[in-house]
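For reference, the chains in residue letters:
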Amino acid sequence: MSVLILSKRDEGEYENRRLVESLRDLGIPATICHPDNFDVIVGKGTGHGIKYNGQEFDMPDLVLTRTGSGTTEFITSVIRQFEEEHIRCINTSSSVEIAKDKMLSHQLLASHGLPIPNTMLVRFPVDVAIVDDLIGWPCVVKVISGSYGEGIYLCENKKAFVKIMEFISSLNSPRTLIVQEYVDTKPGEDLRVFVVGGKVVGAMKRHAPEGDFRANISNGGYGEPFEVNGEIEYLARETARICGLDIAGIDLLFDKDGYKICEANSAPGFEGFEKYCKVDIAGQIAAYLKFKMLLSGRK
């Protein structure tokens, strides 16, 4: 059995290093490959339709996709080609695309009746009156795709919203944006719930650094273990299932009546989770990958 870890980060990155070590402990060799170094060739007589650095290479038994919101159309094609070669990819190309597209994932979750903040897709010129009527203030402005808290802004009132829209418009490259209800029951706090193979393996309460509303560990926040109750487990598992994610980091917001789903991440970081919650996430992922390979007859 062998695993190819598809990642834009090098072997020294915490998550990559931990995954390689955990797989090695199970007797499974793992190689980290940068997705931009692949070539995809399709057609009659081309053999394997995928090369690495222009050369043939030994095909893995499984591909672990860790490109997340940085997944480009090219990277999606690489993942699809592995799937065409009957190599299992976790997560799949389609599930990575769903998680990357915040509007699409929210549309799917809403269609299944799961609780999400009121969410609106806006384009330029932005009709502020509609945002005022349907979302209200304060509100959160997000780019369609992003991670680690990047591309997320809090607008405290209509005036602040108009200013940021004017600024974006002045760049002469206006983008489609998401405007979302600000869930302020516990400002600067949220939950990161880790799901592996349909099982919730733990939850971490994240706290934003002082002066910020984004509770991302990568932005200087900190975490603490949080007890998983029935509602948390249901929302996290259902979100992962609906998005098609085998491995997922599900972010939940505290709401007065329970929780609302903020987003699903297809390549969640877990350095903070292992540090604050003392849960062996890399080991859980490695064990799940081995199980899936054995299930498919890979040895």
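Okay, so let's go over this structure. (Residues numbered from 1 in each chain as written. Predicted model: local features only at pLDDT ≥ 70, side-chain atom pairs only at ≥ 80, totals over all residues. Heavy atoms only, no water.)

Considerations on the side chain of S22
Rules: Counting from the N terminus, the helices are DSSP H or I runs at least four residues long and the strands are E runs at least two residues long. Exposed residues in this analysis have more than 50% of their type's maximum accessible area, buried residues have under 20%, and partly exposed residues fall in between, with area computed by a 1.4 Å probe over protein chains only. Note on contacts: a residue pair is in contact if any heavy atoms of the two residues lie within 4.5 Å.
Among the secondary structure elements, S22 is positioned in helix α1 (residues 14–25). For S22, a relative accessible area of 8% corresponds to the buried category. The contact partners of S22, leaving out residues within four places of it in the chain, are D280, A282, G283 and A286.

Remarks on the pattern of salt bridges
Two side chains of opposite charge can pair, provided their charged atoms sit close to one another. Quick note on the threshold: Salt-bridge detection follows one rule: a side-chain nitrogen of Lys or Arg within 4 Å of a carboxyl oxygen of Asp or Glu.
The tally for this structure, following the rule as stated, stands at 15 salt bridges. Here E274 makes a salt bridge to R18, at a shortest N to O gap of 2.9 Å. Taken together, the residues span a long stretch of sequence, with E274 in helix α8 (residues 271–277) and R18 in helix α1 at a distance of 256 residues. As far as the burial class goes, E274 and R18 line up, both buried. Close ionic contact of D251 with R206 constitutes a salt bridge, the shortest N to O distance being 3.3 Å. Of this pair, D251 sits in strand β14 (residues 247–255) while R206 sits in strand β12 (residues 199–207); the two residues are 45 residues apart in sequence, bridging distant segments of the chain. Given a relative accessible area of 5%, R206 falls into the buried group.

Quick notes on the nonpolar core
Convention followed: Throughout this description, the term nonpolar core refers to a set of buried Ala, Val, Leu, Ile, Met, Phe, Trp, Tyr and Cys residues connected via side-chain atoms within 4.5 Å.
The biggest cluster of nonpolar side chains holds 26 residues, and the ones touching the most others in it are V3, F194, F270, I285 and L289. Those elements that provide at least two residues to this core are β1 (3–7), α1, β5 (62–66), β11 (189–196), β12, α8 and α9 (281–295). Setting aside its immediate chain neighbours within four residues, V3 contacts L23, I28, P29, A30, T31, P60, L62, L64, L289 and M293. Counting residues in hydrophobic clusters, the runner-up holds 24 residues, among them A99, I242, I250 and F254.

Keep in mind these numbers describe shape, not what the thing actually does.
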